[in-house]
Amino acid sequence: LIVNSFDDDQGGTFGLDWRLDSEFSVFDRNTGITGSRLHLEPGIALPLRHSGFLLEPSFSLEHTTYHLDNPDPGQNAGPSRTTPILSVDLSTALERGARGRPGWLQTLEPRMQYVHIPYREQDDLPVFDTIEPDFNLVQLFRTNRFLGYDRIGDTDQLNIGLTSRVIDADNGAQFITATVGQSRYFGT
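Procedures and definitions
- Residues numbered from 1 in each chain as written.
- Predicted model: local features only at pLDDT ≥ 70, side-chain atom pairs only at ≥ 80, totals over all residues.
- Heavy atoms only, no water.
- Helix = DSSP H or I, 4+ residues; strand = E, 2+ residues; numbered from the N terminus.
- Contact = heavy atoms within 4.5 Å.
- 1 Å grid on protein atoms, 1.4 Å probe; cavity = no way out; pocket = protein on both sides within 12 Å on 5 of 7 lines; lining within 4 Å.
- Points joined across faces, edges and corners; volume = space filled by probe spheres on them.
- Nonpolar A, V, L, I, M, F, W, Y, C, P; charged D, E, K, R; others polar.
- Core = buried A, V, L, I, M, F, W, Y, C linked by side-chain atoms within 4.5 Å.
- Buried < 20%, exposed > 50% of the residue type's maximum accessible area, 1.4 Å probe, protein only.
- Phe/Tyr/Trp six-rings, centres within 6.5 Å; stacked < 30°, edge-to-face > 60°.
- Lys NZ or Arg CZ within 6 Å of the ring centre and 35° of its normal.
- Pairing = 2+ DSSP bridges.
- pLDDT = per-residue confidence, 0-100.

All right, on to the environment of Leu 158 then. Within the element layout of this structure, Leu 158 appears in strand β9 (residues 155-168). Sequence separation between Leu 158 and Tyr 185 is 27 residues, and the spatial gap between their C-alpha atoms is 6.5 Å. Setting aside anything within four residues of it in sequence, one finds Leu 158 in contact with Met 112, Gln 113, Tyr 114, Gln 182, Ser 183, Arg 184 and Phe 186.

Right under this line is the structure:
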């Protein structure tokens with residue numbers, strides 16, 4: 001059972017976007033630990049738009065708790081983790097007509113994202129369905145390097161990317177896209 005709650009992207013009070021992501025899952029399988037997981041992540045963002053730029057600071061508090069069936073002796077039957085996540089995202093999209101191709105647009109889309117997630121001990125938490133995927137374009141601007149809720153990756157990093165597209169201005173069809181990017185890690 002997955003319940004994703006509420007996302008206010010209409011610009012709420014004082015221009016703030018409020019979000020509540022949630023999921024309740026039951027894991028019943030023949031091998032390994034079984035049990036349930038509840039994930040709650042309330043968040044708030046302040047999208048600031050000016051002259052084609054978007055600056056979006058955001059904060060969320062991720063809380064994940066478990067109820068484990070028949071844990072091993074000495075194992076906590078109800079481990080949990082609460083972690084704050086801070087990010088600041090800056091982006092813009094510039095466009096011009098493509099040379100020699102009437103009706104085509106070429107874009108240049110720089111983006112920078114800073115993410116801070118403090119370290120949390122997670123050894124007592126089970127891993128039901130979480131993976132660490134290969135690094136790719138999608139991963140470049142994700143706040144958590146893991147897919148799934150069993151692990152949160154501590155980090156203090158700056159992600160920088162530049163995307164360019166060639167688009168048909170009449171129907172929005174994308175002919176080609178290219179992105180280069182890099183992540184810079186801070187701290188020890």
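To continue, consider the layout of surface pockets. Volume-wise, the largest pocket comes out at about 700 Å³. If you trace the largest pocket, you find 30 residues lining it, with Arg 19, Glu 41, Ser 58, Ser 87 and Thr 143 closest to the centre. For the lining of the largest pocket, the secondary-structure elements that each account for two or more residues are β2 (17-27), β3 (34-45), β5 (53-69), β6 (80-92) and β8 (104-117). Looking at which element gives the most residues to the lining of the largest pocket, the answer is β5, with six residues. Among the residues making up the lining of the largest pocket, the classes are represented as nine nonpolar, nine polar and 12 charged.

Phe 27, Tyr 66, Leu 68, Leu 125 and Phe 128 together form the largest nonpolar core, which totals five residues. Sequence-distant contacts of Tyr 66, that is, excluding residues within four places in its chain, are made with Ser 36, Arg 37, Ala 77, Gly 78, Pro 79, Leu 125, Pro 126, Phe 128, Tyr 149 and Asp 150.

Turning our attention to the packing of aromatic side chains. As enumerated under the stated definition, the model contains three aromatic pairs in all. With centroids separated by 6.0 Å and ring planes inclined at 45 degrees, the aromatic side chains of Tyr 66 and Phe 128 adopt a geometry described as tilted. Residue Tyr 66 is found in strand β5, and its partner Phe 128 is found in the loop between β8 and α1 (137-140); the two are separated by 62 residues along the sequence. Like Tyr 66, the residue Phe 128 is buried in the burial classification. Measuring from ring centre to ring centre gives 4.1 Å for Trp 104 and Phe 175, while their planes differ by 25 degrees; the resulting arrangement is stacked. Placement of the pair is Trp 104 in strand β8 and Phe 175 in strand β10 (residues 174-185), with a sequence separation of 71 residues. Phe 175 gets classed as partly exposed once you look at its relative accessible area, which sits at 43%. Here the aromatic cluster, defined as three or more aromatic residues joined through ring pairs, consists of Phe 27, Tyr 66 and Phe 128. Geometry around Phe 141 places Arg 111 over its ring, the cationic atom sitting 4.1 Å from the centre.

As a further point, take the environment of Ser 80. As for its placement among the helices and strands, Ser 80 is situated in strand β6. For Ser 80, a relative accessible area of 40% translates into the label partly exposed. Setting aside its immediate chain neighbours within four residues, Ser 80 contacts His 63, Thr 64, Thr 65 and Leu 125.

Our focus in this paragraph is the pairing of β8. Successive side chains on a regular strand alternate, one facing one side of the sheet and the next facing the other. Across six bridges, the pairing between β6 and β8 is antiparallel. Across the sheet, the residue bridging to Leu 90 is Met 112, located in β8. Here strand β7 (residues 94-97) runs beside β8; their pairing, made up of four bridges, is antiparallel. Residue pairing for β8: Leu 94 is matched across the bridge by Leu 108.

Further remarks concern the confidence of the model for the chain. Looking at the chain as a whole, the pLDDT averages 89, with 93% of positions reaching at least 70. Every residue in residues 1-8 scores below 50 in pLDDT, and together they form 18 contacts with partners more than four places removed in sequence or on other chains.

For the rest of this paragraph, the subject is unusual backbone geometry. A positive phi angle, close to 50 degrees, is found at Ser 51, a residue other than glycine. Relative accessible area serves as the criterion here: at 61%, Ser 51 is assigned to the exposed category. In this structure, Asn 70 takes a positive phi of about 45 degrees despite not being glycine. Within the secondary structure, Asn 70 is located in the loop between β5 and β6. Residue Asn 70 is classed as exposed on the basis of its relative accessible area, which comes to 73%.

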